[in-house]
Amino acid sequence: MNFPEKHVGLTKDLLEKIDKHLIAEWLLNEGYYPEQYILPPTFKVTGFVLQNEPFINDLNDPPRKKLINISYPKSMITSRVFGIQYPHHYHDIVYYLLNDWENIIHHLFHPDIEIYSYSFPIPVNRRAIGELSPLRSGRMIYEWIEMAEKDLVVESHKFKNIIRTDITNFYNSIYTHSIGWALHGREESFADKQNILTGNKIDRLVQYANDSRTNGIPVGSAVSDLIAEIILAKIDRDVSIKLKTLRIEFIGTRFKDDYRILSKSEDESKIILKCLAEELCNFNLLINEHKTIILLLPEGLYRQHDREYFPFSMKKLHSIPYKRFEHTLLKVLDIHKCFPGTSLIEKFLCELLDDNYNLKIKFSNNSSTCEKQIYKLFSLLLLLKRESEKILCHVLAIIECIYEKYTKRYHLKEYLKNLFIIEINNSIKKNSEFEIVWYVFFSRYLRLGIEFDKYIGNDRNYSLFLKSILQSKQRIFSDSDVDLFIRPKDCKKVKLAKHVSVFDRSKD
């Protein structure tokens, strides 16, 4: 048994030890919203309970709802859009998944699958058997990818090449009917006109939560991640069976739609890619030719940006002198510009906090120098945020740590108030509701006393996320009778750094 196979086997064993009602509770409450870096902790689901029967009785004519979307910029011209489903549709998807849970598990961990997934969305934990983490299993994404890479390294001496590829525009390209195809087979799924099959039930619910569209599933929820795994498990199984028939030796790993496959030769690598492309095509999906490469081992086993950063890593330091932080940050920016689109900046920010979410940076003992270093750090963090919008919540988490420790000594409240007024105005100018939502939340979270009416008018067509934050009241699916919002001041029970997934240290 190879190491990726052992990883998947352990995941299955741990999953089978968890009561499925606990899984339902987690999917409904912790898995409803996207990963923690997308929305502030004020967008929290509470008391969402699995009912004894579905909300929607007639799946031949379900109510048609629209997603509520929020996006953040990936680049100057593109954004990543996250979609929130109507709670009743989301509940019923969970309901039908759990009603057929044993078959779902068998499908996801089918013995014929030899491309091993490292992206199972439900956070099992071997240190707490029978329990689930409150955080999404997508936390510390780079560490899950590193785990897959390390397991491949162990097996790499048996092979000559490594294939790296992914799927083009995966979530937005998923055809909802393919959920049924994956679980039951295309013909059986087509023959089910009354939506008796689990896959067809889920297909209808996903469609009608998204304005009856059959192309694409919403990005962000744990249920969407689980649906994606269901589809990819079928594709991985079909590829594995075909390659076994062809007597092609390989070891494959997958993180979501990102593949790493070891092979014996370049010719066999091309056969593997051809099989993968054909099976993806059967599900209306396309291999990403621009990100597909065959490399001669050991090249490609390790990510280049990690190799560049390793000599500068501060992970094992218990204390980080301010100057060391400053110089490392500049090095991180250099590497990031050479290798954009990685999670290097998140990794760097993670290393600034210890396991108890305390800041490891040590400022000068001289009071005036210490104050200037704090102001410089604030400025540098916000400049760093310009390189990657999604790190905003991580930046704010570090600012909170400094604020709690030094606000009385240096009267940081007024300084931060003025700083965030500037940032809010900048966010308004570039029409970034993602940033505005976080800045308004954080300003209220720290009770900085900003009068938002002066800067954010009521005449704009703001999203329900921003309206909820501004009014400290749930405006998202308020007719659903499901609690999807808590006030910013009620979020102080947990440090922001703990809420943010990238700072969580609990991994297997």
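Quick caveat: nothing in here was measured; it's all calculated off a predicted structure.

## A look at the overall build of the protein chain
For step 1, the next point in the chain: A count of helices and strands for the protein chain gives 20 helices and nine strands.
For step 2, the next point in the chain: Computed over its C-alpha atoms, the radius of gyration of the protein chain comes to 24 Å, within 12% of the 23 Å expected for a compact globule of 508 residues.
For step 3, the next point in the chain: Its C-alpha atoms give the protein chain principal-axis dimensions of roughly 70 × 55 × 45 Å.
For step 4, the next point in the chain: In the protein chain, buried positions account for 58% of the 508 residues.
For step 5, the next point in the chain: Considering only contacts in the protein chain between residues 6 or more positions apart, those separated by 24 or more positions represent 78%.
For step 6, the next point in the chain: Of the roughly 23,000 Å² that the protein chain leaves accessible, carbon and sulfur atoms contribute 49%.

## A closer look at the pairing of strand 1 (residues 68–73)
For step 1, the next point in the chain: Here strand 1 shows one buried face, formed by Ile 68, Ile 70 and Tyr 72, and one open face, formed by Asn 69, Ser 71 and Pro 73.
For step 2, the next point in the chain: Where strand 1 lies against strand 2 (residues 79–84), six bridges are found, and the strand directions are antiparallel. Paired with Asn 69 across the two strands is Gly 83, which belongs to strand 2.

## Here we look at the pattern of salt bridges
For step 1, the next point in the chain: Here the structure, examined in full by the defined rule, presents 26 salt bridges.
For step 2, the next point in the chain: Note that Arg 64 and Asp 211 form a salt bridge whose closest N and O atoms lie 2.4 Å from each other. Placement of the pair is Arg 64 in the loop between helix 2 (20–29) and strand 1 and Asp 211 in the loop between helix 9 (198–209) and helix 10 (222–245), with a sequence separation of 147 residues.
For step 3, the next point in the chain: Close ionic contact of Glu 266 with Lys 270 constitutes a salt bridge, the shortest N to O distance being 3.8 Å. Taken together, the residues Glu 266 and Lys 270, both in helix 11 (residues 266–281) and four residues apart, mark about one turn of the helix.
For step 4, the next point in the chain: A residue is classified by how much of its surface remains accessible, and Glu 266, at 43% relative accessible area, is partly exposed.
For step 5, the next point in the chain: Given a relative accessible area of 47%, Lys 270 falls into the partly exposed group.

## Concerning the packing of aromatic side chains
Ring pairs (aromatic) are described by centroid distance and by the angle formed between their planes.
For step 1, the next point in the chain: Per the counting criterion, the structure on display carries 25 aromatic pairs.
For step 2, the next point in the chain: Residues Tyr 322 and Phe 363 carry aromatic rings whose centres are separated by 6.0 Å and whose planes lie at 35° to one another, so their mutual orientation is tilted. Taken together, the positions of Tyr 322 in helix 13 (residues 322–338) and Phe 363 in the loop between strand 9 (361–362) and helix 15 (367–387) put the pair 41 residues apart, joining distant regions of the chain.
For step 3, the next point in the chain: A relative accessible area of 3% means that Tyr 322 is categorised as buried.
For step 4, the next point in the chain: Accessibility expressed as a relative area gives 10% for Phe 363, which makes it buried.
For step 5, the next point in the chain: Taken together, Tyr 32, Tyr 33, Phe 43, Phe 48, Tyr 90, Phe 465 and Phe 485 form an aromatic cluster joined through their ring pairs.
For step 6, the next point in the chain: The aromatic ring of Phe 3 is capped on one face by Lys 6, whose charged end is 4.7 Å from the ring centroid.
For step 7, the next point in the chain: A cation over an aromatic ring shows up here: Lys 264 above the ring of Phe 159, its NZ or CZ 5.2 Å from the ring centre.

## Quick notes on the sheet that holds strand 6 (residues 258–263)
For step 1, the next point in the chain: Reading across from one edge, 3-5-6-4-7 is the order of the five strands in this open sheet, with mixed pairing throughout. Two strands lie at the open edges of the sheet, namely strand 3 (115–117) and strand 7 (293–296), each paired on one side alone. Across the sheet, the mean angle separating the axes of adjacent strands is 20° when strand polarity is ignored.
For step 2, the next point in the chain: With four bridges joining them, strand 4 (residues 161–166) and strand 7 adopt antiparallel strand pairing.

## Quick notes on helix 17 (residues 412–429)
For step 1, the next point in the chain: Relative to the 26 Å expected for 18 residues at 1.5 Å per residue, helix 17 spans 26 Å between its end C-alpha atoms, a close match to the ideal helical length.
For step 2, the next point in the chain: All of the buried residues along helix 17 are Leu 412, Leu 416, Leu 419, Phe 420, Ile 421, Glu 423, Ile 424, Ser 427 and Ile 428.
For step 3, the next point in the chain: Tucked inside the fold, the buried residues of helix 17 contact helix 15, helix 16 (392–410) and helix 18 (433–445).
For step 4, the next point in the chain: After helix 17 finishes, the residue Asn 431 shows a positive phi value of roughly 55°.

## Points about the side chain of Gln 474
For step 1, the next point in the chain: Of note, Gln 474 is situated in the loop between helix 19 (464–471) and helix 20 (496–499).
For step 2, the next point in the chain: There is a polar contact of 3.0 Å between the side chain of Gln 474 and the backbone oxygen of Val 482.
For step 3, the next point in the chain: A polar contact is formed between the side chain of Gln 474 and the backbone nitrogen of Leu 484, at a distance of 2.8 Å.
For step 4, the next point in the chain: Leave out the neighbours within four places in its chain, and Gln 474 touches Ser 468, Val 482, Asp 483, Leu 484 and Phe 485.

## A word on the nonpolar core
Generally speaking, nonpolar side chains in soluble globular proteins are found buried as a group.
For step 1, the next point in the chain: If you look at the biggest cluster of nonpolar residues, it comprises 155 residues, and the most contacted ones within it are Ile 235, Phe 325, Phe 348, Leu 352, Phe 363, Leu 377 and Ile 402.
For step 2, the next point in the chain: When near neighbours in sequence (up to four residues on either side) are disregarded, Phe 363 contacts Tyr 322, Cys 370, Gln 373, Ile 374, Leu 377, Ile 402 and Tyr 406.
For step 3, the next point in the chain: In terms of nonpolar packing, the next biggest core, distinct from the first, is built from eight residues, Ile 251, Leu 295, Leu 297 and Leu 301 among them.

## A word on the environment of Phe 452
For step 1, the next point in the chain: Looking at the element boundaries, Phe 452 is found in the loop between helix 18 and helix 19.
For step 2, the next point in the chain: Classification of Phe 452 by relative accessible area gives buried; the value is 6%.
For step 3, the next point in the chain: Along the chain, Phe 452 and Ile 104 lie 348 residues apart, while their C-alpha atoms are 48 Å from each other.
For step 4, the next point in the chain: Ignoring sequence-local partners within four residues, the contact set of Phe 452 consists of Ile 424, Val 440, Ser 443, Arg 444 and Leu 470.

## Some details on the confidence of the model for the protein chain
For step 1, the next point in the chain: Summary statistics for the protein chain give a mean pLDDT of 91 and a share of 95% for residues scoring 70 or more.
For step 2, the next point in the chain: Predicted confidence in the protein chain is weakest over helix 5 (residues 141–155), with a mean pLDDT of 76, and strongest over helix 3 (residues 87–99), with 98.
For step 3, the next point in the chain: Below pLDDT 50 for its whole length, residues 502–508 participates in 34 contacts with residues either more than four positions away or in separate chains.

## Comments concerning helix 7 (residues 177–184)
For the α-helix, the turn length of 3.6 residues means that residues three or four positions removed from each other point alike.
For step 1, the next point in the chain: Of all the eight residues making up helix 7, six are buried; the element is thus mostly covered by neighbouring parts of the structure.
For step 2, the next point in the chain: If you check which residues of helix 7 are buried, you get Ser 178, Ile 179, Gly 180, Trp 181, Ala 182 and His 184.
For step 3, the next point in the chain: In this fold, the buried residues of helix 7 make contact with helix 4 (101–108), helix 8 (186–191), helix 9 and helix 10.
For step 4, the next point in the chain: The first or second residue beyond helix 7 is Gly 185, which carries a positive phi of 95°.

## A word on the environment of Asn 172
For step 1, the next point in the chain: Position of Asn 172 relative to the elements: it lies in helix 6 (residues 170–173).
For step 2, the next point in the chain: Judged by relative accessible area, which is 46%, Asn 172 ranks as partly exposed.
For step 3, the next point in the chain: As a C-alpha pair, Asn 172 and Leu 108 span 64 residues in sequence and 21 Å in three-dimensional space.
For step 4, the next point in the chain: In contact with Asn 172, not counting residues within four places along its chain, are Asn 215, Gly 216 and Val 219.
For step 5, the next point in the chain: Separated by 3.2 Å, the side chains of Asn 172 and Asn 169 make a polar contact.

What counts and what doesn't
Residues numbered from 1 in each chain as written. Predicted model: local features only at pLDDT ≥ 70, side-chain atom pairs only at ≥ 80, totals over all residues. Heavy atoms only, no water. Helix = DSSP H or I, 4+ residues; strand = E, 2+ residues; numbered from the N terminus. Rg over C-alpha atoms; globule rule 2.2 N^0.38 Å. Buried < 20%, exposed > 50% of the residue type's maximum accessible area, 1.4 Å probe, protein only. Contact = heavy atoms within 4.5 Å. Areas by Shrake-Rupley, 256 points an atom, 1.4 Å probe, with all protein chains shown as cover. Pairing = 2+ DSSP bridges. Salt bridge = Lys/Arg side-chain N within 4 Å of Asp/Glu carboxyl O. Phe/Tyr/Trp six-rings, centres within 6.5 Å; stacked < 30°, edge-to-face > 60°. Lys NZ or Arg CZ within 6 Å of the ring centre and 35° of its normal. Axes fitted to C-alpha atoms, helices over the stretch in contact; angles between N-to-C directions. Expected span 1.5 Å × (residues − 1). Polar contact = N/O pair within 3.5 Å; in protein donor to acceptor, adjacent residues only side chain to side chain. Core = buried A, V, L, I, M, F, W, Y, C linked by side-chain atoms within 4.5 Å. pLDDT = per-residue confidence, 0-100.

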